[in-house]
Amino acid sequence: MKREWPFVLLEVLFLLVLLQSNAPEVWFWFVALLVLLIWRSLALRQRLQLRAARAAEA
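Residues numbered from 1 in each chain as written. Predicted model: local features only at pLDDT ≥ 70, side-chain atom pairs only at ≥ 80, totals over all residues. Heavy atoms only, no water.

Novice: Can you help me understand the overall build of the protein in this one?
Specialist: Check the secondary structure of the protein and you find two helices and zero strands. Against the globule reference of 10 Å for 58 residues, the protein gives a C-alpha radius of gyration of 16 Å, more extended than a compact globule. On the principal axes, the C-alpha backbone points of the protein span a range of 55 × 20 × 10 Å. The 58 residues of the protein split such that 16% are buried. (Helix = DSSP H or I, 4+ residues; strand = E, 2+ residues; numbered from the N terminus. Rg over C-alpha atoms; globule rule 2.2 N^0.38 Å. Buried < 20%, exposed > 50% of the residue type's maximum accessible area, 1.4 Å probe, protein only.)

Structure below.
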């Protein structure tokens, strides 16, 4: 989880900016937050699959 803290903090920062932005900026920050969330969830899923594969080999 230590590896995820900087990204969680960045996502919270994006969310705060999103809540304070005006109408045209909302879509930009929403897409930026969505891309970051998808990217991190895919990376987490890949790490979990790799860990499970290593455990199955042992």
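Novice: I would appreciate a short explanation of a nonpolar patch on the surface in the present structure.
Specialist: Together, Trp27, Phe30, Val31, Leu34, Val35, Ile38 and Leu42 make up an exposed nonpolar region whose accessible area comes to about 690 Å². Note that Ile38 resides in helix H2 (residues 23–57). (Patch = residues over 30% accessible without salt bridge, like charges linked within 9 Å, V, L, I, M, F, W, Y side chains within 5 Å. Areas by Shrake-Rupley, 256 points an atom, 1.4 Å probe, with all protein chains shown as cover. Salt bridge = Lys/Arg side-chain N within 4 Å of Asp/Glu carboxyl O.)

Novice: Is there a simple way to think about the side chain of Arg40 in this case?
Specialist: Relative to the helices and strands, Arg40 is located in helix H2. Not counting chain neighbours up to four residues away, the residues in contact with Arg40 comprise Glu4, Phe7, Glu11 and Arg47. (Contact = heavy atoms within 4.5 Å.)

Novice: Could you clarify how one ought to interpret the packing of aromatic side chains in this entry?
Specialist: Note on aromatic pairs: each is described by the distance of the centres and the angle between the planes. Taken as a whole, this structure holds two aromatic pairs when the rule is applied. Where Phe7 meets Trp39, the ring centres are 5.6 Å apart and the plane angle is 85 degrees; that geometry is what we call edge-to-face. Here Trp39 lies in helix H2 and Phe7 lies in helix H1 (residues 5–20), a separation of 32 residues in the sequence. The exposure class of Phe7 is partly exposed, given its relative accessible area of 23%. On the basis of an interplanar angle of 90 degrees and a centroid distance of 6.2 Å, the ring pair of Trp27 and Phe30 is categorised as edge-to-face. In this pair, Trp27 and Phe30 are both assigned in helix H2, three residues apart and thus about one turn of the helix distant. Trp27 gets classed as exposed once you look at its relative accessible area, which sits at 60%. Positioned above the aromatic ring of Phe7 is the side chain of Arg40, whose terminal nitrogen or guanidinium carbon lies 3.8 Å from the ring centre. In this structure, Arg40 is placed above the aromatic ring of Trp39, and the distance from its NZ or CZ to the ring centre is 5.1 Å. (Phe/Tyr/Trp six-rings, centres within 6.5 Å; stacked < 30°, edge-to-face > 60°. Lys NZ or Arg CZ within 6 Å of the ring centre and 35° of its normal.)

Novice: Any chance you could explain the side chain of Glu11 here in plain terms?
Specialist: Note that Glu11 resides in helix H1. Here Glu11 is in contact with Leu33, Leu36, Leu37 and Arg40, once residues within four sequence places are set aside.

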